[in-house]
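# Fold and geometry: a report
So the chains spell out like this:
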Amino acid sequence: MVDNRIDVHYVCQSCSQPLKLHSSFNSLGEHTLAELSLPIYASTDVDLESQAASLDHLIPASRLGESGNGTNDFTLVGGEGETGTFSHKMKVTAELFDLVSGNSEIDHPLCEECTDTMLDLMDEQLRLTEDEWSLYSKFLKKLENESAEEGIEELSNELKNLLAEEGRLMDELAALQQEEKAMERDIEEQGKEKERLEKEEDRYWREYSKHRREYMITEDELESLKCQLAYAEAHLEKLKKTNVFNATFHIWHSGHFGTINNFRLGRLPSAPVDWSEINAAWGQTALLLTALARKMNLTFDKYRLVPYGNHSYIKVLAEQKDLPLYGYGGFRFLWDTKFDAAMVAFLDCLNQFKEEVEKGDSTFKIPYKMENGKIEDYAHSKHSYPIKTQFNSEEQWTKALKFLLTNLKWALAYVCSQFDKNQLQAQ
């Protein structure tokens, strides 16, 4: 069996293919090492990485002494039988590759194909360099052929123009800088003005909110006052249309009795009205006649009415005595006639009021005639009814009191009509 194994000690630093060194590398002379020690400069203008498309890949540079300690180190392949000559070969080869790699930008060793590719790239670089050299040579010859003085004068003019342009631009720059400073000052002032206006706006909105709230409160108060005013005006109109006498004194009848403010005036055997009610009715009657006389500016002759509730009385001016306009009922002496005299005096006062009204208005008439303490129904029966209680029946006395209240109601109606007429004239 033939052993076809190839002893390989290195790989290509570009494509990582295994290499077998030529036997001439086993020993190197001093002249060869001196030539290899000369510096080799690789141009930096050629982009090896961009031109390495034809290569599989590049392997970073390595040192033989680092073998076995990195991923890109030289790979040593061999048998145990070569140990005697291997040390010398490796030492010579390591010095060779370290020397060549240190003097150039290309890492060694390289295989034949990678070397050819690298030579092609260097030839292309050489061609480009020669083209550039040709262009530079032509431009140099052109410059040498031109007149030196014309070039200096032209350059001087150009320098002057550039200096003038520089001066103009510097002036423009200074002006722009001044304008920039002015604008910065203006911006600063505008910023302060903005802050002032913002504060003023905040103050304005606070005052606006405050006044708006006050306005709404005032508006509510105004609406409330309008409602109160409308209510007061409506109430006033109602009061204007309301007659105080009609509202205060209500004269009507209840069966055979005349009533004033629901108090019956009179007594019947079938209806014995309590004397407290009768006295209260006389008090209301005296108060009404007093109010009507005051409204007509009337002063009674001989008498003065004194309304005092259920103990009202009539004062006789000439004799300075009081006639009680109230009674107690029960047994009375024949000479106890003060109550009757008080009722006769009241009838006289009512007759004076009638005569006073007739003086100013001849159309005024009352339904029952009053004369000498009696009331006569001259429109129907021509019968007269005494106002006194003595020597009189309760039925006749009660009817006389009913007629008296009727005459008083007519007097009340007349005064109310005059009151409403005066009120309309005043409006």
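Residues numbered from 1 in each chain as written. Predicted model: local features only at pLDDT ≥ 70, side-chain atom pairs only at ≥ 80, totals over all residues. Heavy atoms only, no water.

## Some thoughts on the overall build of the protein
- The number of helices and strands found in the protein is eight helices and 11 strands.
- Considering the protein as a whole, with its 427 residues, one finds that 28% of them fall into the buried category.
- A separation of at least 24 residues holds for 59% of the contacts in the protein among residues at least 6 apart in sequence.
- Roughly 30000 Å² of accessible area belongs to the protein as shown, and the carbon and sulfur atoms make up 54% of that amount. (Helix = DSSP H or I, 4+ residues; strand = E, 2+ residues; numbered from the N terminus. Buried < 20%, exposed > 50% of the residue type's maximum accessible area, 1.4 Å probe, protein only. Contact = heavy atoms within 4.5 Å. Areas by Shrake-Rupley, 256 points an atom, 1.4 Å probe, with all protein chains shown as cover.)

## Some details on a negative patch on the surface
- There is a patch of like negative charges on the surface, built from Glu 112, Glu 113, Asp 116, Asp 120 and Asp 123.
- If you trace the backbone, Glu 112 turns up in helix α3 (residues 112-145).
- Judged by its relative accessible area of 64%, Glu 112 is exposed. (Patch = residues over 30% accessible without salt bridge, like charges linked within 9 Å, V, L, I, M, F, W, Y side chains within 5 Å. Salt bridge = Lys/Arg side-chain N within 4 Å of Asp/Glu carboxyl O. Lys, Arg positive; Asp, Glu negative; His and termini not counted. Charge placed at Lys NZ, Arg CZ, Asp CG, Glu CD.)

## Describing the pairing of strand β3 (residues 251-254)
- Where β3 meets strand β4 (residues 257-260), four bridges bridge the pair, whose relative direction is antiparallel. Among the inter-strand pairings, Ile 251 is bridged to a residue of β4, identified as Ile 260.
- Between β3 and the antiparallel strand that follows it, β4, lie two residues; Gly 255 among them carries a positive phi value of about 70 degrees. (Pairing = 2+ DSSP bridges.)

## So, the sheet that holds strand β8 (residues 321-324)
- Strand order in the open sheet made by the three strands is β6-β7-β8, with antiparallel pairing throughout. Bordering the open sheet on either side are β6 (303-306) and β8, each of which pairs with just one other strand. The mean inter-strand angle of the sheet, taken between neighbouring strand axes irrespective of direction, is 25 degrees.
- Of the pairings in the sheet, the one linking strand β7 (residues 313-316) to β8 comprises four bridges and is antiparallel in character. Within β8, the position partnered with Tyr 313 by the bridge is Pro 324.
- Relative to β8, helix α7 (residues 338-360) is tilted by about 95 degrees, and along the sheet it contacts β6, β7 and β8. (Axes fitted to C-alpha atoms, helices over the stretch in contact; angles between N-to-C directions.)

## As for the packing of helix α6 (residues 275-295) against α7
- Interaxial distance between α6 and α7 falls to 11 Å at its minimum, and their mutual angle equals 30 degrees. In terms of their interaxial angle, α6 and α7 are classed as roughly parallel. Considering the relative orientation of α6 and α7, their crossing is left-handed. Across from Trp 275, Trp 282, Thr 285, Ala 286, Leu 289, Leu 292 and Ala 293 in α6, the residues of α7 making contact are Phe 339, Met 343, Phe 346, Cys 349, Leu 350 and Phe 353. (Parallel < 35°, antiparallel > 145°, perpendicular 65-115°, else oblique. Left-handed = near helix turned anticlockwise from the far one by under 90°.)

## Here we look at the pairing of strand β10 (residues 374-377)
- Residues Ile 375 and Asp 377 line the buried face of β10, whereas the alternating positions Lys 374 and Glu 376 sit on a face that is not buried.
- Direction of pairing for strand β9 (residues 369-371) relative to β10: antiparallel, over a ladder of three bridges. Directly across from Lys 369, in β10, lies its bridge partner Glu 376.
- Between β9 and β10, which pair antiparallel and follow one another directly, the connecting turn spans two residues, one of which, Asn 372, has a positive phi of 55 degrees.
- Relative to strand β11 (residues 383-386), β10 runs antiparallel, the two sharing four bridges. For Glu 376, the partnering residue across the bridge sits in β11 and is Ser 384.

## Remarks on the side chain of Lys 315
- Structurally, the position occupied by Lys 315 is in strand β7.
- A polar side-chain atom of Lys 315 sits 2.9 Å from a polar atom in the side chain of Asp 322.
- Apart from the residues within four sequence positions on either side, Lys 315 is in contact with Lys 302, Tyr 303, Arg 304, Lys 321 and Asp 322. (Polar contact = N/O pair within 3.5 Å; in protein donor to acceptor, adjacent residues only side chain to side chain.)

## Considering the pattern of salt bridges
- This structure, assessed with the given rule, holds 15 salt bridges.
- For Glu 193, the salt bridge identified is with Arg 196, shortest N-O distance 2.5 Å. One end of the pair is Glu 193 and the other is Arg 196, both in helix α4 (residues 148-241) and three residues apart, which spans about a single turn.
- Sharing partners across several salt bridges, the network here consists of Glu 124, Arg 127 and Asp 131.

## Here's the deal with unusual backbone geometry
- Positive phi, close to 70 degrees, is recorded for Lys 302, a residue that is not glycine.
- Note on placement: Lys 302 falls in the loop between α6 and β6.
- Non-glycine residue Gln 320 carries a positive phi angle of around 50 degrees.
- Tracing the backbone shows Gln 320 in the loop between β7 and β8.
- On the basis of relative accessibility, which here comes to 59%, the residue Gln 320 falls in the exposed class.

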